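Inside the fold
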Amino acid sequence: AISIVMDVHTGAILAMAVKGDFDLNDPWTVKDPNAVAALKLLSGDEKDEAVTKALQTQWSNKAVSEFYEPGSVFKVFTSCMAIEEGVGNINTSSFYCPGYIEVMGQQITCWHAGHGMQHFPDIISNSCNPGFITLGVGLGGERYFKYFTGFGFTEPTGIDMLSEGRP
């Protein structure tokens, strides 16, 4: 689990916590059950390299060094883009969610079996994938990317810590 508290006005990191799955009093013991099981199958240099990698993984500050799929967090940004560009209106836009949406021949499901008819605030409170995909498609790739870069998602944060992952 990772938690980051940021000042929304300046972007300054006020607090950061990463749940470590190792004992600080015994940091040289690999604690990840999957890694432990895999290590049992290895020997020699191969095992030594795998142990080193497992230890580096458990010691890493995942808040700054790991990649993750932003998922529903990015729906906030999609909402802002849609409102700014007039693709979605918080008072009048409505969306239908049958539990999935098809985009370029690919079926993308909603976390729910189907929300039915919803207004803009509903797709936000329900975190409705088809609703947000409809907004994204309405924005189009060029406008979406304009905001994606405008929000700074293609640049490093510049956080004063080692090992920030590359965007």
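This text follows the structure it describes.
Here's what I pulled together on the structure shown here. (Residues numbered from 1 in each chain as written. Predicted model: local features only at pLDDT ≥ 70, side-chain atom pairs only at ≥ 80, totals over all residues. Heavy atoms only, no water.)

Further remarks concern the environment of Val137. Looking at the secondary structure, you find Val137 in helix H6 (residues 129–150). Counting along the chain gives 50 residues from Val137 to Val87, while the straight-line C-alpha distance between them is 9.6 Å. (Helix = DSSP H or I, 4+ residues; strand = E, 2+ residues; numbered from the N terminus.)

What follows covers the packing of aromatic side chains. Applying the stated criterion to the full structure yields 12 aromatic pairs. Ring centres 5.8 Å apart and planes at 50° place the aromatic pair Phe74 and Phe148 in the tilted group. Taken as a pair, Phe74 in helix H4 (residues 74–85) and Phe148 in helix H6 lie far apart in primary sequence, 74 residues in all. On the accessibility criterion, Phe74 (12% relative accessible area) is buried. Through a chain of ring-to-ring contacts, three or more aromatic side chains come together here, namely Phe74, Phe77, Tyr144, Phe145, Tyr147, Phe148, Phe151 and Phe153. (Phe/Tyr/Trp six-rings, centres within 6.5 Å; stacked < 30°, edge-to-face > 60°. Buried < 20%, exposed > 50% of the residue type's maximum accessible area, 1.4 Å probe, protein only.)

As a further point, take the pattern of salt bridges. One pass over the full model with this rule turns up 2 salt bridges. Between Glu85 and Arg143 there is a salt bridge; the shortest N-O distance is 3.1 Å. Of this pair, Glu85 sits in helix H4 while Arg143 sits in helix H6; the two residues are 58 residues apart in sequence, bridging distant segments of the chain. The exposure class of Arg143 is partly exposed, given its relative accessible area of 29%. Across the pair Lys146 and Glu85 runs a salt bridge whose closest N-O atoms are separated by 3.3 Å. On the criterion of sequence distance, the pair formed by Lys146 in helix H6 and Glu85 in helix H4 is long-range, its members being 61 residues apart. Take Glu85: its relative accessible area is 25%, and that puts it in the partly exposed class. One network of salt bridges, in which partners are shared, links Glu85, Arg143 and Lys146. (Salt bridge = Lys/Arg side-chain N within 4 Å of Asp/Glu carboxyl O.)

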